[in-house]
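The residues making up each chain are set out below.
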Amino acid sequence: MDVLPAWREAPCFNKQERAALEWAEALTLISQQSVSDSVYQNTLAAFGEQDLLELTTVILAINSWNRVAVSMQFVPDISL
């Protein structure tokens, strides 16, 4: 988790993991910049159509949960 902010520079991610992270970043920041054809083609090549659809669904669900949490000012209970 600590290395995620530097995923582009970190050598610990394989080609498919890098494609997933790039796709997640592109979808998350889509309001700032559209998803490029090269990012789409790279992710499609790494996952195939069905897995890309499933990856996209997971990313969209997590982004939705994050937006609900932020809008509701959710603070997790860390006393566990």
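No experiment lies behind these values; they were computed from the predicted model shown.

### Considering the overall build of the chain
Okay, so step 1: From N to C terminus, the chain includes two helices and zero strands.
Okay, so step 2: In terms of C-alpha radius of gyration, the chain reaches 15 Å, well past the compact-globule figure of 12 Å for 80 residues.
Okay, so step 3: Taking the principal axes of its C-alpha atoms as reference, the chain extends roughly 40 × 25 × 25 Å.
Okay, so step 4: Going through the 80 residues of the chain one by one, you find that 22% of them count as buried.
Okay, so step 5: Taking the intrachain contacts of the chain between residues at least 6 apart in sequence as the baseline, contacts between residues at least 24 apart amount to 38%.
Okay, so step 6: Of the accessible surface of the chain, which amounts to about 6,300 Å², a share of 60% is contributed by carbon and sulfur atoms.

### Some words on the nonpolar core
Okay, so step 1: Of all hydrophobic cores here, the largest spans 11 residues; its members are Ala19, Ala20, Trp23, Ala26, Leu27, Val39, Leu44, Phe47, Leu52, Leu55 and Ile59.
Okay, so step 2: Secondary-structure elements contributing two or more residues to this core are helix H1 (15-28) and helix H2 (37-71).
Okay, so step 3: Other than its neighbours up to four places away in sequence, Leu55 contacts Ala20, Trp23, Thr43 and Phe47.

### Details of unusual backbone geometry
Okay, so step 1: Notably, Gln73 is not glycine yet its phi reads approximately 55°, a positive angle.
Okay, so step 2: Secondary-structure assignment places Gln73 in the segment after H2.
Okay, so step 3: Classification of Gln73 as exposed rests on a relative accessible area of 67%.

### With respect to a nonpolar patch on the surface
Okay, so step 1: A grouping of Val58, Ile62 and Trp65 is seen on the molecular surface, where their side chains present a nonpolar patch of about 330 Å² in accessible area.
Okay, so step 2: In this structure, Trp65 sits in helix H2.
Okay, so step 3: A residue is classified by how much of its surface remains accessible, and Trp65, at 61% relative accessible area, is exposed.

### Regarding H2
Okay, so step 1: The terminal C-alpha atoms of H2 lie 32 Å apart, and with 35 residues this falls more than 12% below the ideal 51 Å at 1.5 Å per residue.
Okay, so step 2: Approximately 105° is the largest bend angle found in H2, and it occurs at Gly48.
Okay, so step 3: Along H2, the residues classified as buried are Val39, Thr43, Leu44, Phe47, Leu52, Leu55, Thr56, Ile59 and Asn63.
Okay, so step 4: Looking at the buried positions of H2, the neighbouring elements they touch are H1.
Okay, so step 5: One or two residues past the end of H2 sits Gln73, with phi positive at roughly 55°.

Rules and cut-offs
Residues numbered from 1 in each chain as written. Predicted model: local features only at pLDDT ≥ 70, side-chain atom pairs only at ≥ 80, totals over all residues. Heavy atoms only, no water. Helix = DSSP H or I, 4+ residues; strand = E, 2+ residues; numbered from the N terminus. Rg over C-alpha atoms; globule rule 2.2 N^0.38 Å. Buried < 20%, exposed > 50% of the residue type's maximum accessible area, 1.4 Å probe, protein only. Contact = heavy atoms within 4.5 Å. Areas by Shrake-Rupley, 256 points an atom, 1.4 Å probe, with all protein chains shown as cover. Core = buried A, V, L, I, M, F, W, Y, C linked by side-chain atoms within 4.5 Å. Patch = residues over 30% accessible without salt bridge, like charges linked within 9 Å, V, L, I, M, F, W, Y side chains within 5 Å. Salt bridge = Lys/Arg side-chain N within 4 Å of Asp/Glu carboxyl O. Expected span 1.5 Å × (residues − 1). Bend = angle between axes of the 7 residues up to and from the residue.

Fair warning: the whole summary comes from geometry, so function is off the table for now.
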